[in-house]
Each structure stands twice: as C-alpha cells, then as structure tokens.
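Okay, here's what each chain looks like letter by letter:
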Amino acid sequence: MKHLTRMMYVSRVSGGVGDDELKQILESSRRKNKTLNVTGVLCGGGGHFIQVLEGEQDDLFRLYGEILNDRRHYDSVLIGVASIKQRLFGGWSMGYLSNPPEMMEVRRKELIAAWEGRLEGSELLRLMKRFLEQLGQGSL
Ligand SMILES: Cc1cc2nc3c(=O)[nH]c(=O)nc-3n(C[C@H](O)[C@H](O)[C@H](O)COP(=O)(O)O)c2cc1C
C-alpha cells in the first residue's frame, strides 16, 4: 500500500554553513527528490531550518534518516507527520524560502511548543496548515 505523507521538522544550521553549502543542499535535494517523487519546501533564516517534505511514506522516512545524519544542521525536532490526500508543493522538488530571522525564531518556538504540548493530531495539523499558509509571506 502506498501512503502519501507530509512531514515537517525544524533544525539549527551548523556553524560554517553559508550560501555555498545551502546551494549544494538545494542542488542535491532537487536532483534526488525528483527521482523519489518527493516535493516540499525548505525555509531558512536566522540560523534555523524548517522543512516540509511530501512523498510516499517509505521514501520519506528513508530520506529523513539521511537528512537527520547530515552534519550541516543539528538539533532536529520532528514536528509532525500526516497522511495526506494531495500535495501542497506538487510543483516544487524542493522550494526555498528565505525568511526574516525574527519570523523563523517565532515559528520555531511556536512549532516546538505545539510538539511539546502533545497537541491533538487535528490541532497540530491546523498549526502546520497555518504555518504553510504563512509561508507565502517570505521571499522566494
Ligand atoms: C536542511 C537539509 C535539508 C535537506 N533536504 C534534502 C532533501 O529534501 N532531499 C535530499 O535528497 N537531500 C536533502 N538534504 C541532503 C541530505 O542530507 C543528503 O546529503 C543527501 O540526501 C545525500 O544525497 P546523495 O544520496 O546524492 O549523496 C538535506 C540536507 C539538509 C542539511
């Protein structure tokens, strides 16, 4: 059985990771995600990453395992995993949004608070949805 899945995590950017490293991350992500039919968006700013990934559950979990071991970021917190009917980022093998540091700080705190509070699935989904809606406020 195939399970279309969306997951979101937050992490901190490792020291020494700058524009060149980010470019490399995006290049390899776009290449590999295309072959896996994974889509999503990576948000960066203020030393934080927030990433949303969509794809078949098995592929996503395997990929997330690799991403977790990547030393270009650390302190990763898995905010949520949801079964979905359709993708939000179908056109993006991996979009990138650069957001102001203050916005990333607030979002990270909000998402982690929700995760620590063991929100009901539906509440967490609402929060994720709000976050996704607000993504549009960043610059592409
Ligand atoms: C914040 C962050 C996000 C990443 N996102 C992806 C991704 O969406 N897809 C991907 O293939 N690799 C991603 N990577 C890179 C992987 O950790 C890893 O380097 C890559 O999957 C290895 O690809 P390879 O099999 O071509 O060596 C990400 C790395 C970081 C630090």
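Computed from a prediction, not measured in an experiment: that's the story for all the values here. Each chain carries its own residue numbering, running from 1 in the direction its sequence is written. In keeping with the model being predicted, local features are shown solely for residues with a pLDDT of at least 70 and side-chain atom pairs are shown and tallied solely at 80 or more, while totals for entire chains, interfaces and linings include all residues. Heavy atoms from the whole structure form the basis of all side-chain values; hydrogens and water molecules are not counted.

Let us look at the sheet that holds strand β3 (residues 48-56). The criterion for strand pairing is that DSSP finds at least two bridges linking the strands in question. Here a helix means four or more residues in a row that DSSP labels H or I, a strand means two or more in a row labelled E, and each is numbered from the N terminus. An order of β4-β1-β3-β2-β5 is seen for the five strands of this open sheet, with the pairing classed as mixed. Strands with a single pairing partner mark the edges of an open sheet, and in this sheet they are β4 (73-83) and β5 (95-98). When strand polarity is set aside, the average angle formed by the axes of neighbouring strands in this sheet is 15 degrees. Direction of pairing for strand β1 (residues 4-13) relative to β3: antiparallel, over a ladder of nine bridges. Across the sheet, residue Met7 finds its bridge partner in β3, namely Leu53. The contact definition used throughout considers only heavy atoms, calling two residues in contact when any of these lie within 4.5 Å. Every axis corresponds to a line fitted to the C-alpha atoms, with the helix fit spanning only the stretch in contact, and the corresponding angles, defined between N-to-C directions, vary from 0 to 180 degrees. Along the sheet face, helix α1 (residues 19-36) touches β2 (39-45), β3 and β5 and points at about 155 degrees away from the line of β5. Each of β1, β2, β3 and β4 touches helix α3 (residues 101-116); the most contacted strand, β3, lies at about 60 degrees to it.

With that settled, the discussion passes to α1. What a helix should span is 1.5 Å times the count of its residues minus one. Along its 18 residues, α1 runs 25 Å from first to last C-alpha, staying within 8% of the 26 Å computed at 1.5 Å per residue. Note on α1: the residue one or two positions beyond its end, Asn37, has a positive phi of about 60 degrees.

Here a residue counts as near a molecule or strand whenever at least one of its heavy atoms sits within 4 Å of it. The full set close to the ligand counts 15 residues, and Ser29, Lys32, Asn33, Gln51 and Asp70 are the nearest of them. We define a polar contact as two N or O atoms separated by no more than 3.5 Å, with the added condition that, inside protein, one atom must be a possible hydrogen donor and the other a possible acceptor, whereas residues neighbouring each other in sequence contribute only through side-chain atom pairs. Between the ligand and Ser29, the relevant distance is 3.4 Å, taken from a nitrogen atom to a side-chain nitrogen or oxygen of the residue. Here a nitrogen atom of the ligand sits 2.7 Å away from a polar atom, N or O, in the side chain of Asn33. Working definition of accessibility: Shrake-Rupley area with a 1.4 Å probe, residue cover restricted to the visible protein chains. Considering the ligand on its own, with 620 Å² of exposed area, one finds that the protein chains cover 80% of that surface. Both cavities and pockets are sets of points on a 1 Å grid over the protein atoms alone; in a cavity a 1.4 Å probe fits but cannot get out, in a pocket the set is open with protein on both sides within 12 Å along at least five of seven lines, and lining residues sit with an atom within 4 Å of a point. Should more than half of a molecule's atoms lie within 2 Å of a pocket's or cavity's grid points, that molecule is taken to sit in it. A molecule is said to occupy a pocket when more than half its atoms come within 2 Å of that pocket's grid points, and by this definition the ligand occupies the largest pocket. Secondary structure elements with two or more residues in the shell around the ligand: α1, β3 and α2 (57-68). The element that contributes the greatest number of residues to the shell around the ligand is α1, accounting for four residues. Under the grouping applied here, Gly and all other residues not named as nonpolar or charged are polar, the nonpolar ones being Ala, Val, Leu, Ile, Met, Phe, Trp, Tyr, Cys and Pro and the charged ones Asp, Glu, Lys and Arg. Looking at the shell around the ligand residue by residue, the class counts come to seven nonpolar, four polar and four charged.

Mapped onto the secondary structure, Ser29 falls in helix α1. For the exposure calls, accessible area comes from a 1.4 Å probe over protein chains only, and a residue counts as buried if that area is under 20% of its type's maximum, exposed if over 50%, partly exposed in between. For Ser29, a relative accessible area of 16% puts it in the buried group.

In this section: the pairing of β2. Of all seven residues that make up β2, seven are buried, and the element is covered over most of its length. Side-chain alternation along β2 places Thr39, Val41, Cys43 and Gly45 on one buried face and Gly40, Leu42 and Gly44 on a second face that is also buried. Pairing geometry for β2 and β3, over seven bridges, is antiparallel. Its bridge partner being in β3, Cys43 is matched across the sheet by Ile50. Between β2 and β3, which pair antiparallel and follow one another directly, the connecting turn spans two residues, one of which, Gly46, has a positive phi of 60 degrees. Where β2 and β5 come together, four bridges link them in parallel fashion. Of the residues in β5, the one forming a bridge with Cys43 is Leu97.

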